[in-house]
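So you can see what is in the structure, the chains are spelled out below.
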Amino acid sequence: MRSATGFVRRVCTLCVILAIPFAIGAWAQEPAANNTAEQQNAPATATVPAAQPVSQAAQSASGAATNSSKSDDDSKDKNEKSTLATLGRGDLIEVNVYNVPELASKVRVSNSGEIYLPLIDYVHVEGLTQEEAQGLIEKRLADGGFVRNPHVTIFVDEFTSQGVTIIGEVGRPGVYPNIGDHKLYEVVSQAGGFNQNASRKIAILRRNQAEPIRLTLPRNLADDLTGNVEIMPGDTISVPRAPIIYVVGDVGRPAGLLLDNGSLTVLQALALVGGTNKTAKLSASRIIRKGPDGGVTETKVEVKKMLEAKLPDMPLQPDDILFVPVSGRRVLAARTFEATMSLATAMAIYTIRP
């Protein structure tokens, strides 16, 4: 019996020893299971992206800034190129290759925008600047194996396509070459200056710009140099005719008066033509004005009452005609006075002679 009881005790002790590791493993896994359950029961939250290293964030920001600055630079370069002189149809250019005089050519850009050069055949240069055309020709020579490390220079003899056009009231309207930097006053001087009837309110039409550049120049250009702006290749300068007011009839010097800067009234216009004659019928003066539909209207003007300050002075508009008629009664009185003076002079002469 004792041996059986000892055997049972040893078996129980062995079972306890074997069960201890399993108990310890279960106790260690229980917190993890509890944590998993808690995570499953916890409400869903927004997924937070993994934090990037500082270097990666800086690279992303710098990349975005680089792309933005690159687009700005591209647009800036595009705008700058639109104002640069580019080759076009009809331009006469000289192409030289350094240390290879046999390849020197003097050619004119064709209507298709191409030039023909030895070895490399036709090259399309229309719309390219001189530097771009030089680079293109160098590439063609190098790619074809004709010249090793070529250096090409282009000289423009005639910038026909990039000339400056000046039209309107100038001495010699036409197209003038624009090689190098030119100012407005220089171009006007080349065209013979402004005519007597030229307006000082000019417009500069510039390519790639929807609205023209409008300037108001002084009568004496030396008085104000702010209007002496830079003229770009391809610009068109329009010099319109200044508005004119015509004063006709029984006045001192019938004439057309330029109405360029400012305005002009009836009394001012009469003063500029030397006033009215003694035989003028001031109360019957009138303004003849052309309407927008082409019709003509007449407005009576009481010049006598204006001179007496009984009526305000009236402003005139461009292309108005101020007409001052002749008074028949005053003409008859003047002729009678002239006849009387002639008789008196004749009688005096006759009396003096004996």
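Nothing here was measured: the structure is a model prediction, and the numbers come from that model.

(A) Structural context of the environment of K300. Structurally, the position occupied by K300 is in strand β17 (residues 296–301). Spatially, the C-alpha atom of K300 lies 9.0 Å from that of I288, the residues being twelve residues apart in sequence. Not counting residues within four places of it along the chain, the set of residues in contact with K300 comprises S283, S285 and R286.

(B) Broad picture of the pairing of strand β4 (residues 121–124). In this sheet, β4 lies alongside strand β3 (residues 114–117) in antiparallel orientation, the contact comprising four bridges. Its bridge partner lying in β4, E114 is registered against H124.

(C) Geometry of the nonpolar core. Counting residues in hydrophobic clusters, the biggest one holds 22 residues, and the most contacted among them are I93, V95, I115, I137 and L141. When sequence neighbours within four positions are dropped, the list of residues in contact with V95 reads L103, A104, S105, I115, L117, I137, V152, T153 and I154. V251, L257, L259 and L322 belong to the second-largest nonpolar core, a separate cluster that totals 19 residues.

(D) Looking closely at the sheet that holds strand β13 (residues 244–249). Here five strands make up an open sheet; going across it, the order is β14-β13-β19-β16-β17 and the pairing mixed. Each having just a single partner strand, β14 (255–258) and β17 make up the two edges of the open sheet. Averaged over all adjacent pairs, the angle separating strand axes in this sheet is 20 degrees, with direction ignored. Note: β13 against strand β19 (residues 321–324), four bridges, orientation parallel. Of the residues in β19, the one forming a bridge with Y246 is I321.

(E) Local environment of the sheet that holds strand β6 (residues 164–168). The sheet built from five strands is open, its strands ordered β7-β6-β12-β9-β10 with mixed pairing. Looking along the sheet, the strands with just one partner apiece sit at the ends: β7 (174–176) and β10 (213–216). For this sheet, the mean angle separating the axes of adjacent strands, direction not counted, is 20 degrees. Strand direction decides the pairing type here: β6 and β7, joined by three bridges, are antiparallel. Note that in β7 the partner of T165 across the bridge is V175.

(F) Spatial organisation of the side chain of S105. Summarising the element assignment, S105 is placed in strand β2 (residues 105–108). Assessed through its relative accessible area of 13%, S105 is described here as buried. In this view, S105 contacts I93, E94, V95, L117 and P118; residues no more than four positions away in its chain are not counted.

(G) Representation of the pattern of salt bridges within the structure. Considering all chains together, one arrives at nine salt bridges under this definition. Taking the shortest distance from any N to any O, the salt bridge between E298 and R286 comes out at 3.2 Å. Of this pair, E298 sits in strand β17 while R286 sits in strand β16 (residues 285–290), placing them twelve residues apart in sequence.

(H) The arrangement of the confidence of the model for the protein in detail. Counting all residues, the mean pLDDT for the protein is 76, and 66% of those residues have values of 70 or more. Note that residues 26–62 has pLDDT below 50 and, in this model, two contacts with residues that lie over four places away or in other chains. This model gives residues 332–354 a pLDDT under 50, and the stretch forms one contact once residues within four places in sequence are excluded.

(I) Spotlight on the environment of L272. Mapped onto the elements, L272 comes out in helix α5 (residues 266–272). Excluding anything up to four places from it in sequence, L272 contacts R253, L257 and L264.

(J) Local environment of the side chain of D250. Here D250 lies in the loop between β13 and β14. Side-chain polar atoms of D250 contact the side chain of N277, separated by 2.6 Å. Discounting residues that sit within four places of it in the chain, D250 has contacts with T276, N277, T279, A280, V324, P325 and V326.

(K) The arrangement of the pairing of strand β1 (residues 92–97) in detail. Pairing analysis gives six bridges linking β1 to strand β5 (residues 152–158), with the strands arranged antiparallel. Residue pairing for β5: N96 is matched across the bridge by T153. When β1 meets β2, the two strands line up antiparallel, connected through four bridges. By the bridge assignment for β2, I93 is matched with V107.

Calculation criteria
Residues numbered from 1 in each chain as written. Predicted model: local features only at pLDDT ≥ 70, side-chain atom pairs only at ≥ 80, totals over all residues. Heavy atoms only, no water. Helix = DSSP H or I, 4+ residues; strand = E, 2+ residues; numbered from the N terminus. Contact = heavy atoms within 4.5 Å. Pairing = 2+ DSSP bridges. Core = buried A, V, L, I, M, F, W, Y, C linked by side-chain atoms within 4.5 Å. Buried < 20%, exposed > 50% of the residue type's maximum accessible area, 1.4 Å probe, protein only. Axes fitted to C-alpha atoms, helices over the stretch in contact; angles between N-to-C directions. Salt bridge = Lys/Arg side-chain N within 4 Å of Asp/Glu carboxyl O. pLDDT = per-residue confidence, 0-100. Polar contact = N/O pair within 3.5 Å; in protein donor to acceptor, adjacent residues only side chain to side chain.

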